Amino acid sequence: MNKGIVIFITIFMTTIGLQAKTPAQKLFKRLAKIQKKGYMMGHQDDPFYGLTWEWDEGRSDVLATVGDYPAVMGFDLGGIEVGDKKNLDSVPFTRIRQEIINHHERGGIITISWHPRNPLTGGTAWDVSSKEVVKSILSGGSQYDKFQQWMERVSTFLLSLKDRKDKPIPIIFRPWHENNGSWFWWGQELCTDEEFHGLWNMLQDKLNADGLSNLLWSYSPNLDGNWTEQRFLERYPGNDRVSLIGEDAYQWGTEEDFISQATKDLDFIGNFAQKNCKLFALTECGYRNIPDATWWTRVLKPVMDKYRICYFLLWRNYKKEYFGPAPTQEGADDFRALYKASNTLFLRDIRLTK
């Protein structure tokens, strides 16, 4: 490990205030070490379903395409807050727990997001009919007690994530993502910056108080294309509360617009992360149904190659809407070319890196 990485990790430990040898600290060190080799490939809900199958044990579209698992697997806790047995994508929480354990035991990395329902209206996370939701769950709000129970259920599940030696599994935890947009009830136009900070701090303080020292906290806004430090800092929780800074960046429009916006954003976030001793990742990305068979190596990879990201996470593959590769997908050969690149890291490339 070179001197720069050692200094980086030392500053991180001082800034974040992690105690020596916590699972989160070990995960940070591991990610920093892996980042020197390249960037890891990740996939949301990888072991649950694919383009042509659902719920089969041991299956993965990525595995079927390249013969290797993703280095990073993403999972979501939406629905656990209200006591549901399955998450918002109909995945049983018992299966989520088991697949998290399975991937950890393989040597992989885990990241978890949470799309909680709207505590004020009873709608989904995408219910933006009220601008009072975040205010209602903060101290003194009408939904405060309800949200305390919701956080307790999240905490209970996270505390249950233990390996076969009964040790906590390290997790990249990514709540309140895409908050600069306004499609979730915690979004930019749905709550003030002060309220957003209160929401972040309330959840983080609760989970820290419950002894969850295995969570590496990720702050992940959405593709913007026009970040300035002043705007970015408006919602940024603070260096003492964030370990990894990412961005969710999908190509929804033209290729030119995606490349331009992603490049501008990653220039800014990469510099900000380095200056503030944070890890840096493309926390969600993809191109819906991948209509361009050369998109992986011709568009996405050249953008990522410019930056020292530690991973990129493709969103899920599910029936008619998919973001990752599959053997039957037209771009499968191009994804195999991405797999063969020396700086793209899959499970075999990282499982021995501790």
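Scroll up for the structure.
None of the values given here were measured: they were computed from a predicted structure. (Residues numbered from 1 in each chain as written. Predicted model: local features only at pLDDT ≥ 70, side-chain atom pairs only at ≥ 80, totals over all residues. Heavy atoms only, no water.)

Asks: Please give an account of the overall build of the chain that cites residues and values.
Replies: Helices and strands together make up the secondary structure of the chain, namely twelve helices and eleven strands. Taking 2.2 N^0.38 as the reference for a compact globule, 354 residues should give roughly 20 Å; the C-alpha atoms of the chain span a radius of gyration of 19 Å, in line with that estimate. Once the C-alpha set of the chain is aligned to its principal axes, its extents read approximately 55 × 45 × 45 Å. The buried share of the chain, taken over its 354 residues, is 58%. For the chain, long-range pairs separated by at least 24 residues make up 75% of all intrachain contacts whose partners lie at least 6 apart in sequence. For the chain, the accessible surface area stands at approximately 14,300 Å², while carbon and sulfur atoms represent 49% of it. Averaging the coordinates of the 44 positive side-chain charges in the chain and doing the same for the 45 negative ones gives two points 8 Å apart. (Helix = DSSP H or I, 4+ residues; strand = E, 2+ residues; numbered from the N terminus. Rg over C-alpha atoms; globule rule 2.2 N^0.38 Å. Buried < 20%, exposed > 50% of the residue type's maximum accessible area, 1.4 Å probe, protein only. Contact = heavy atoms within 4.5 Å. Areas by Shrake-Rupley, 256 points an atom, 1.4 Å probe, with all protein chains shown as cover. Lys, Arg positive; Asp, Glu negative; His and termini not counted. Charge placed at Lys NZ, Arg CZ, Asp CG, Glu CD.)

Asks: Outline the packing of aromatic side chains, listing residues and values.
Replies: All chains considered together, the criterion is met by 36 aromatic pairs. Here the aromatic residues Phe 173, Trp 200, Trp 217, Tyr 219, Trp 227, Phe 232, Tyr 236, Phe 268 and Phe 272 are joined through ring pairs into a cluster of three or more. (Phe/Tyr/Trp six-rings, centres within 6.5 Å; stacked < 30°, edge-to-face > 60°.)

Asks: Residue-level account of the environment of Arg 316, with values.
Replies: You can see Arg 316 is positioned in the loop between strand 8 (311-314) and strand 9 (317-318). When its relative accessible area of 14% is taken as the criterion, Arg 316 is described as buried. In contact with Arg 316, not counting residues within four places along its chain, are His 43, Gln 44, Asp 45, Tyr 49, Asp 89, Glu 321, Tyr 322 and Phe 323. Polar contacts involving the side chain of Arg 316 include one to the side chain of Tyr 49, which spans 2.8 Å. Reaching out from Arg 316, the side chain makes a polar contact with the side chain of Asp 89 at a distance of 3.5 Å. (Polar contact = N/O pair within 3.5 Å; in protein donor to acceptor, adjacent residues only side chain to side chain.)

Asks: Break down a nonpolar patch on the surface for me, with residues and values.
Replies: On the surface, a nonpolar cluster with roughly 290 Å² of combined accessible area is contributed by Leu 88, Trp 126 and Trp 183. As for its placement among the helices and strands, Trp 126 is situated in the loop between strand 3 (109-113) and helix 5 (133-137). On the accessibility criterion, Trp 126 (43% relative accessible area) is partly exposed. (Patch = residues over 30% accessible without salt bridge, like charges linked within 9 Å, V, L, I, M, F, W, Y side chains within 5 Å. Salt bridge = Lys/Arg side-chain N within 4 Å of Asp/Glu carboxyl O.)

Asks: Would you mind going over helix 11 (residues 332-340) in detail, with residue names and values included?
Replies: Of the residues making up helix 11, those classed as buried are Ala 332, Asp 334, Phe 335 and Leu 338. Down the axis of helix 11, the buried side of the element spans an arc of 160°, and every buried residue falls inside it. The exposed set on the far side of helix 11, more than 90 degrees from its buried face, consists of Asp 333 and Lys 340. Lining the buried residues of helix 11 we find strand 1 (39-44), helix 3 (61-66), helix 10 (295-304), strand 8 and strand 11 (344-345). (Arc of directions from axis to C-beta.)

Asks: Can you explain the nonpolar core? Please cite residues and give values.
Replies: Proteins that are soluble and globular tend to have nonpolar side chains buried together. Membership of the largest hydrophobic core comes to 85 residues, with the highest contact counts inside it found for Ile 112, Phe 147, Leu 158, Trp 176 and Phe 312. Ranked by residues supplied to this core, first place goes to helix 9 (residues 255-275) with seven residues. With residues up to four places along the chain from it excluded, the contact list for Phe 147 reads Trp 114, Pro 119, Ile 137, Trp 176, Trp 185, Leu 199 and Met 202. Counting residues in hydrophobic clusters, the runner-up holds 22 residues, among them Ile 109, Ile 172, Leu 313 and Phe 323. (Core = buried A, V, L, I, M, F, W, Y, C linked by side-chain atoms within 4.5 Å.)

Asks: Summarise the packing of helix 10 against helix 11; cite the residues concerned and give the values.
Replies: At a minimum axis distance of 8 Å, the contact between helix 10 and helix 11 shows a crossing angle of 45°. Taken as axis vectors, helix 10 and helix 11 run oblique relative to one another. Contact residues: helix 10 offers Trp 295, Trp 296, Thr 297 and Lys 301, while helix 11 offers Asp 334, Phe 335, Ala 337 and Leu 338. (Axes fitted to C-alpha atoms, helices over the stretch in contact; angles between N-to-C directions. Parallel < 35°, antiparallel > 145°, perpendicular 65-115°, else oblique.)

Asks: Tell me about helix 7 (residues 193-209), and please be specific about residues and values.
Replies: Between its terminal C-alpha atoms helix 7 stretches 24 Å, which fits the 24 Å expected from 17 residues at 1.5 Å a residue. Listed as buried for helix 7 are Glu 195, Phe 196, Leu 199, Trp 200, Met 202, Leu 203, Gln 204, Lys 206 and Leu 207. A positive phi of about 90° marks Gly 211, the residue just after helix 7. (Expected span 1.5 Å × (residues − 1).)

Asks: So, the state of the cysteines: which residues are in play, and what are the values?
Replies: Overall, the coordinates contain zero disulfides when judged by the stated rule. Looking at the unpaired Cys 285, the closest cysteine sulfur is the one in Cys 310, lying at 12 Å. On the accessibility criterion, Cys 285 (0% relative accessible area) is buried. (Disulfide = S-S within 2.5 Å.)

Asks: So what about the pairing of strand 8? Which residues, and what values?
Replies: Residues Tyr 311 and Leu 313 line one face of strand 8 and the alternating positions Phe 312 and Leu 314 line the opposite face, and both faces are buried. Pairing geometry for strand 1 and strand 8, over four bridges, is parallel. Across the sheet, residue Met 40 finds its bridge partner in strand 8, namely Tyr 311. Bridge count between strand 7 (residues 279-286) and strand 8: two bridges; the pairing is parallel. In the sheet register, Leu 282 faces strand 8, and the bridge partner there is Phe 312. On the question of chirality, the crossover connecting strand 7 to the parallel strand 8 by way of helix 10 is right-handed. (Pairing = 2+ DSSP bridges. Right-handed = clockwise from strand over helix to strand, strands pointing away.)

Asks: Residues and numbers for the side chain of Asn 87, please.
Replies: Along the chain, Asn 87 falls in the loop between strand 2 (72-76) and helix 4 (93-106). Given the relative accessible area of 6%, Asn 87 is considered buried. Excluding residues within four positions of it along the chain, Asn 87 makes contact with Asp 76, Gly 78, Phe 93 and Ile 96.

Asks: Account for the pattern of salt bridges, with residues named and values stated.
Replies: Counted by the stated rule, this structure contains 22 salt bridges. One salt bridge connects Glu 99 with Arg 95, and the closest N-O pair in it is separated by 2.9 Å. Highlighted residues: Glu 99 and Arg 95, both in helix 4, separated by four residues, approximately one helical turn. An identical accessibility class is assigned to Glu 99 and Arg 95; each is buried. Taking the shortest distance from any N to any O, the salt bridge between Arg 288 and Glu 321 comes out at 2.9 Å. Of this pair, Arg 288 sits in the loop between strand 7 and helix 10 while Glu 321 sits in strand 10 (residues 321-322), and the two are 33 residues apart along the sequence.

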